[in-house]
Amino acid sequence: MPALTVDPAVSGLTVNGNGRVSDSGEPGLQPNSALSVTASVLNSSIPADKHNDDPFIDNDASNSVLQQQMRELNTQTLIKEGAEKLLQMPIGEDLRQKVQSELEIAKNRINDLTKSIETQSTRPHRKRGDSESFKIKMFGQPVNEPPKKKDGYEDRDDFRTSMQQATAYIKTLNSLNRPGTLSPATIASSSSTSPSASQHADVSRTRIDTMNQLTGVLQRNLRVRYDINVSEVVQAILPALSDRSTKQCRATAYRLIRHLLVDPRSVETVREQHLDWYIVKSLARDNKHIVEKEQVIKLIRAMVEIGSEKRSPHAVGSGTVPLSEAIMRAVIAIAEQPEDPLKPICIQTLTEILLIDVELVARTEGMRVLLHAMGEGPLEMASLLASAFLYIADSPKTRIYLHPGTDLEMALSGVTDAYGRGPEHADRMRGTTRIISSMLRTWSGLMYFCIHDKLAIRALIDGLRIPSLETRDIILDMFFDLLNIKPPDWHQAFIAGRRLTMYRKAQQPTEAGKASEASAKAQDSLKLTDQYIALLLLVFSKAGLIDALTGMLEETQVGSNLSRKATLLMAEILQTANRVLPNSIASRIQALPQVFHLAANYDKDASRIIGTSALAAIDSYNRHRTRSQPATSFKGNRSRANSVEEAVKRGQRQMEQTKIKMGMQMDDKTFQGSLLESQVMVTKDHTKWNFDTLHDLLEGPLLNPKRMEEAIKVSRHIRRLMQFYHPQSHRFSELPRNKTNARWVKLGCMLLNALLSSNEGQRFLAEDEFLPQLVQSFAQLDPFSGAPVPDPVFSKKRMQETLTYGYFEMLGTLSKRPEGLALLEKFKLFTAFYHLSDLRSREDIIKAIIDNLDYSIDGHSRIVLSKALTSSYKHIRLYATNHLGELVRASTIANSWTLRLLLTQLYDPSLEVQEVAVRYLEEACEDPAVLQIVVEMHPTLDHLGEVGHPLLLKFMSTTLGFRYLYAADYIDREMDLWFHERNIHYVIHIEVFLAKVFNVIPSSSEDDHDFMAFDGIVPPHFYGVMAKTDEGSQVLQDKGHFAEFASFIRRHGLESEDQDVILKLKSVLWAVGNIGATERGLPLLEEEEVIPEILTIAERSLVLSVRGTCFFVLGLISSTPQGAEILDDYHWEATLSPLGLPTGLCVPLDVDSFVSIPSWDPVCIDDGGRSRLEPPKTDEEVEVMTAIYNLANTVIANNASRSLAKMKPRPEYRPIFASPSMLFRALHTISSQRYRLPVRRYILDLFNVDLDEDVVGKLVECEQELRLPPPKELEANDSLKSPVEDQEQDQDRRSEASPTSPTSNGDHEHHDNPEHATESHSSSSPPTSPSLPNPHSHSQPQTQSQTQKQTNRQTLTSINSHILSPSTRAIHGRQTISESDDEYNSDEESVLDEDIAVERVRERENGGRSGRRRRPMVMSLRPVSRIVGFGGEESDAN
């Protein structure tokens, strides 16, 4: 074969001596190397003469296929030889990767071509047309060529090509795993670097590139991920995960594994490849390997997301996560490490696992880490954790993993521990109060904090007694937010102590109208939020909130901002209690016994001043709040006579009437004087006119027909004034548009109104040029009227910048009177409007016409509106529909023409227009008269789908509408849908939006519209609307749905396990509650006796959200007088309005029985001894493992690290630190006990064992060999016996029971040996082993003392194997352990004699103490046998 030719003159790319490629054109090699490489060396074509010289090539046409294959074989051979030579040179990394890739492809192609040539030589020649298809069929597409796509087979060919590429990459990875991947020439040519280092770097770079290419194939073709052999790929990349590989190589391997995961089966396949120890080792590395750790975390999250199994889609915490305890503890170690960049994502991952598999998190002590993160921050994670724990606390099945009174209360630590903290604690405290508010706004949070006689809530209220102004202020703000109290705009003036008499400014009419409408609607509608706030008020009042506020008044200075803020909160609480609580309960709160006691205490003047000041401030606040409320004028209700707005309006109306009367009675002299005073006859400059005089003239004298005739004919005053408004005069129309000039628009409307009020004025308007000029100006915009005008009067610029827009307001004034409509028709202004409504580019003019025309009189105005409603442009139709809806809303009577037009919009082709029409119709149908008119029109709403569903429910509430829909088969169809599906959707809808109303979950911008539509008001329910009519109640009873609901409540009312049944129970309860909220549906509840069952569920259900559902349902039932009376017999009292009607709010008289939760014992998690290992074989191994266990104890970790540092260099310990068996024991230890991240890293660095495929295989074998079988079931009494008692009863049996009072060490911080870089942290005491005799003593004969020590060691080993069983550790693992009766001296030895240790244990079991001072016991008595495997065969008997 010809040698590879390298020509320096072919390309400017050269290879420098350091392996980098440069394009400078200058020689870059060392002086001893004069070789430059062309960039296209691998893909260079072979000269034609070389092909001709080849003896194997036959030029016969019959052998064309064979000749082509021979040429390609020759080419691939040359490429292979050239690539092998090129790899022997010190080239750059990028070029080397390309060369290696091409070399592998060339080798594969040579093998394929050789087989094909052999086959061709033994077969007859094929036709030329079959050669290409034969090649593809036999050899497939080359991996470096794009696939050849054919029509109809593009997807198949793409998958086939991707699969071939993936297979080729897997083969490449397998070839890199074989020894001798690079040729000996490569090693021989490496002169400047070590051959092994160079070879390893080359293989690593090739492996990274191949894995990246394989990952790209998996990303581009999802089908390949399903069809590829996962185990084969993982086995091919295992060498990339070894310690010898680089961090980039390991990160790429983890990324490739993550892209292999597509379903639970693939996750299980990956788990079978024994990757746990690789992952544990990677997570223990320092932050220099952040790239690798990040990919590991992503892999773990993918395994959790894809491989987790949930028993039910609605179940929380009862699933299974495909992660081992080793990986879980590795993630937990990062999650509790401060300042670790991966700490937030690890906490989030653990939170997600908590919601899927709470048992796994509890078993690996992850609950403690998450609870600390919730209490200590960061705040954005704390809110997420609080929500997760509230879900856990809702169900008794998962609630048992929480410790009542200690766990969730950690969220309150930011408030309860605020005393003595500096000002920097204020920000954290504000964030904590927001989290507390969100927790108390959920059923699980409120009821959990009510355990132990509301201890947590009392602690929260006691924060108001902390002598810190800032702390008290923050807690007061929390109660304002928690009780949904929104103080008025002037509350800051109240807090500052200013007078409130004249403080409030008059609202704008539009704002006042909106506020009036909103308040009236809120009072008429039942709000679920109000009912929940009523319960919160009850709970807080019983926990002493009013007393705490009174105490603040006594402690703070009278008149200070804080005392007045406390008074403001007290006044708002009284107002809220009066609104949402029954009178019997609200009266007790409003009595304010302590405040009145202070006010009536004449013995102490200071107390009396405090009490009277508080009462006076509350009274002033209430009076001003009542007077400043906007006047209610919604739907024709009578305005309140004592409101501020009504008094102002009444005075304005009286003044206007007086001015009109005086103007009508004006004499001739005064009238002539006023005309002259206006300056209209003197000058044409409007700036010199007396505007006030003109205003008074148009509002008074000119309304008199006689004075108007005089002003028109005699003085020609009106003609001069009217010329100012002519469009062609360019006087009024050229004025800039601003607030000052807007008065001239109003004056023009008054002028037209005065002219229309008399016959002479109407005649003047008919003869004046005002209207004709307007028609001409509109014609300038009509493209069909003639030549276009360059600057029309009604151009866009003039409409935006000048008073030209005012002409539409004047035309609107004309349309309000029949005389004005006649003038508009006479001058064909409506025709101009019709033409303008077709202009696409003049949306501003169309909107001005729609807004300003008056539609109270039937005529062309309504036709213009209907034309805009059916415009060909959607934005015009949408705007006109909104305006029509506002007309319907503002009308005090039902107008059939507006309703008919609005119903027409239901058939608009735009869904957006349909939704707007449905929204306004639904609101209008609140009025029975409007609803009756709409139903009589018999609209067809089937085409609307879900959009028209609320409107159809409105129709159902009337007898006529129900019959109409029943005849259309709508009732039967919807009943079946609600019975099987929509009941569940209704529950989810309410719970999600209630969470948004209470800010438990944030609402996104896309669903803000739905959120505002809900606003806490009970949405209509199909069954509830059916029960409003006699026909609907009869159909409901005939169908048997209510009987099934009642039966389901009886059977599954106290269900607490099956989440699907619980969800259906909630849906049934909401359906029954909505039926019971009607007068016709309540008898159905009485007949089935459902109300007592609901009350039983409300007080005895173990699922807290079900209790909350019953609470809301009972409020629905109390919305009728009969329902309120029934509930009163069961000691649930309804809130009544001042007229004695129920408001739909109901609370229990005995609130403690409702919010109390049955006590529970935290679950004891025990692995049953399945993690026990055989004991170490030698004393040296025992010493090493004992020191490793002691590293978990912060008190003795320094001594343990020093001991390990001394052991490692000694000859007798070197085999231990190089033993895979001992490495497995260390890995097993850190995977079954709590070690901080630096300690885990230190332990793994002790061993001189590089983790690779062979070592992992040995670790798997060690796991099988060293693990002891699980012990038999122990009797309950045996677990309570002390080890000393067992020894005394049976000398042949070892003590294996756990003591009743295990030793513990406390929250001491320490500083580890800097040599080992272990960090200080308070933690639970780890398992330790007893100290052993001298490692060399086993070779000498044992003395009596040594025999006694050996016996003691065996006894202590057996004792330690069961002290603090796993179940006990699960309970006490979150608390730091303290050696209260010992003093620790870091200079003393970390290991004691066996006899002293055994003596200490016996004393602890007997509950006594020796009188002499003993040496401090620095070992930790924890279950050594569970980790190291102490106990041997004797432990199996247990």
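Let us look at the structure shown here.

**Some points on the overall build of the chain**
Consideration 1: Helices and strands together make up the secondary structure of the chain, namely 75 helices and 4 strands.
Consideration 2: In the chain, buried positions account for 53% of the 1438 residues.
Consideration 3: Considering only intrachain contacts with a sequence separation of at least 6, the fraction spanning at least 24 residues in the chain is 72%.
Consideration 4: Just so you have it, the chain exposes about 66,500 Å², and 50% of that area is on carbon and sulfur atoms.

**What to know about the nonpolar core**
Consideration 1: Ranked by size, the top nonpolar core spans 356 residues in total, and within it Leu581 and Trp744 carry the most contacts.
Consideration 2: With sequence-adjacent residues up to four places away left out, Trp744 is seen in contact with His686, Trp689, Phe691, Leu694, Phe724, Tyr725, Phe732, Leu735 and Leu803.
Consideration 3: The next biggest cluster of nonpolar side chains, apart from the first, holds 6 residues, and it includes Ala83, Leu86, Leu87 and Ile91.

**A short note on the pairing of strand β4 (residues 1142–1148)**
Consideration 1: With respect to burial, β4 is a largely interior element, 6 of its 7 residues being buried.
Consideration 2: The hairpin formed by strand β3 (residues 1132–1136) and β4 contains 5 residues between the paired strands, and Gly1140 there has a positive phi angle of roughly 85°.

**Brief notes about the packing of helix α13 (residues 290–307) against helix α15 (residues 343–356)**
Consideration 1: At a minimum axis separation of 11 Å, α13 and α15 run at an interaxial angle of 15°. By the criterion of interaxial angle, the relationship of α13 to α15 is roughly parallel. Remark: the crossing between α13 and α15 carries left-handed chirality. The residues of α15 that touch α13, namely those facing Ile297, Arg301 and Val304, are Ile345, Cys346, Gln348, Thr349, Glu352, Ile353 and Ile356.
Consideration 2: Grouping the amino acids of the contact of α13 with α15 by side-chain chemistry returns 6 nonpolar, 2 polar and 2 charged.

**Considerations on helix α51 (residues 949–956)**
Consideration 1: The element α51 is extensively covered by neighbouring structure, given that 7 of its 8 residues are classed as buried.
Consideration 2: Within α51, burial applies to His949, Leu951, Leu952, Leu953, Lys954, Phe955 and Met956.

**Description of helix α24 (residues 469–482)**
Consideration 1: An ideal rise of 1.5 Å per residue puts 20 Å on 14 residues; α24 measures up with 20 Å between its terminal C-alpha atoms.
Consideration 2: All buried positions along α24 are accounted for by Thr471, Arg472, Ile474, Ile475, Leu476, Met478, Phe479, Phe480 and Leu482.
Consideration 3: Looking at the buried side of α24, the elements it contacts are α20 (413–416), α21 (425–440), α23 (451–462), α27 (528–543), α28 (545–555) and α29 (561–580).
Consideration 4: Immediately beyond the C-terminal end of α24, within one or two residues, lies Asn484, with a positive phi of roughly 55°.

**Topic: the pattern of salt bridges**
Consideration 1: For the coordinates displayed, the defined rule picks out 48 salt bridges.
Consideration 2: As a salt-bridge pair, Lys454 and Asp1152 come within 2.5 Å of each other at their nearest N and O atoms. With Lys454 in helix α23 and Asp1152 in helix α63 (residues 1151–1155), this residue pair connects regions lying 698 residues apart in the sequence.
Consideration 3: Owing to a relative accessible area of 4%, Lys454 belongs among the buried residues under this scheme.
Consideration 4: Taking the relative accessible area as the measure of exposure, Asp1152 reaches 34% and is therefore partly exposed.
Consideration 5: Here Arg1267 makes a salt bridge to Glu1263, at a shortest N to O gap of 3.1 Å.
Consideration 6: Arg1267 gets classed as partly exposed once you look at its relative accessible area, which sits at 28%.
Consideration 7: Salt bridges here are not isolated pairs; linked through shared partners, they connect Asp243, Arg250, Lys281, Arg285 and Glu292.

**Quick word on the pairing of β3**
Consideration 1: Most of β3 sits inside the fold, with 4 of its 5 residues counted as buried.
Consideration 2: Direction of pairing for β3 relative to β4: antiparallel, over a ladder of 4 bridges. Looking at the pairing, Trp1132 lines up with Pro1148 of β4.

**What to know about the side chain of Thr364**
Consideration 1: Note on placement: Thr364 falls in the loop between α16 (358–363) and α17 (366–376).
Consideration 2: Looking at Thr364, its side chain comes within polar contact range of the main-chain oxygen of Leu360, at 2.8 Å.
Consideration 3: Sequence-distant contacts of Thr364, defined by excluding residues within four places in its chain, comprise Glu325, Met328, Arg329 and Ile332.

**Brief notes about the packing of α28 against α29**
Consideration 1: Interhelical geometry of α28 versus α29 gives an angle of 155° and a closest axis separation of 9 Å. When the interaxial angle is binned, α28 and α29 end up roughly antiparallel. The element α28 and its partner α29 pack so that their crossing is left-handed. Between α28 and α29, the contacting residues are Leu545, Ile546, Leu549, Thr550, Met552 and Leu553 on the first element and Leu562, Ser563, Ala566, Thr567, Leu569, Met570 and Ile573 on the second.
Consideration 2: Residues belonging to the contact of α28 with α29 are distributed by class as follows: 10 nonpolar, 3 polar and no charged.

**Re the environment of Leu751**
Consideration 1: Tracing the backbone through its elements, the reader meets Leu751 in helix α38 (residues 742–756).
Consideration 2: Expressed as a C-alpha distance, the spacing of Leu751 and Ile718, which sit 33 residues apart in the sequence, is 8.7 Å.

**Brief notes about the environment of Gln165**
Consideration 1: Within the secondary structure layout, Gln165 lies in helix α5 (residues 154–177).
Consideration 2: Sequence separation of Gln165 and Val217 is 52 residues, and the distance between their C-alpha atoms is 7.6 Å.

**Brief notes about the packing of aromatic side chains**
Consideration 1: On inspection of all chains with the given rule, the structure shows 37 aromatic pairs.
Consideration 2: Ring centres of Phe724 and Phe732 lie 6.0 Å apart, and the angle between their planes is 75°; this geometry places the pair in the edge-to-face category.
Consideration 3: Phe724 sits in the buried class, given a relative accessible area of 0%.
Consideration 4: Seen from their ring centres, Phe778 and Phe794 are 4.5 Å apart, and the 20° between their planes marks the pair as stacked. Pair noted here: Phe778 is in helix α40 (residues 770–779) and Phe794 is in the loop between α40 and α41 (796–801), with a separation of 16 residues, a long-range link. The same class applies to Phe778 and to Phe794, which are both buried.

**As for the side chain of Thr252**
Consideration 1: One can find Thr252 in helix α10 (residues 247–260).
Consideration 2: Reaching out from Thr252, the side chain makes a polar contact with the backbone oxygen of Gln248 at a distance of 2.7 Å.
Consideration 3: For Thr252, the residues in contact, after removing those within four places along its chain, are Ile208, Met211 and Asn212.

**Examining unusual backbone geometry**
Consideration 1: Of note in this structure, Glu339 is not a glycine but carries a positive phi near 65°.
Consideration 2: Here Glu339 shows up in the loop between α14 (325–335) and α15.
Consideration 3: At His1131, a residue that is not glycine, the phi angle is positive and equals roughly 65°.
Consideration 4: With respect to the helices and strands, His1131 occurs in the loop between α62 (1121–1129) and β3.
Consideration 5: The class of His1131 is exposed, set by a relative accessible area of 53%.

**Overview of the environment of Thr940**
Consideration 1: Structurally, Thr940 is set in the loop between α50 (928–936) and α51.
Consideration 2: Here the alpha-carbon distance between Thr940 and Tyr907, two residues 33 residues apart in the chain, equals 9.1 Å.
Consideration 3: Leave out the neighbours within four places in its chain, and Thr940 touches Tyr907 and Tyr964.

Thresholds applied
Residues numbered from 1 in each chain as written. Predicted model: local features only at pLDDT ≥ 70, side-chain atom pairs only at ≥ 80, totals over all residues. Heavy atoms only, no water. Helix = DSSP H or I, 4+ residues; strand = E, 2+ residues; numbered from the N terminus. Buried < 20%, exposed > 50% of the residue type's maximum accessible area, 1.4 Å probe, protein only. Contact = heavy atoms within 4.5 Å. Areas by Shrake-Rupley, 256 points an atom, 1.4 Å probe, with all protein chains shown as cover. Core = buried A, V, L, I, M, F, W, Y, C linked by side-chain atoms within 4.5 Å. Pairing = 2+ DSSP bridges. Axes fitted to C-alpha atoms, helices over the stretch in contact; angles between N-to-C directions. Parallel < 35°, antiparallel > 145°, perpendicular 65-115°, else oblique. Left-handed = near helix turned anticlockwise from the far one by under 90°. Nonpolar A, V, L, I, M, F, W, Y, C, P; charged D, E, K, R; others polar. Expected span 1.5 Å × (residues − 1). Salt bridge = Lys/Arg side-chain N within 4 Å of Asp/Glu carboxyl O. Polar contact = N/O pair within 3.5 Å; in protein donor to acceptor, adjacent residues only side chain to side chain. Phe/Tyr/Trp six-rings, centres within 6.5 Å; stacked < 30°, edge-to-face > 60°.

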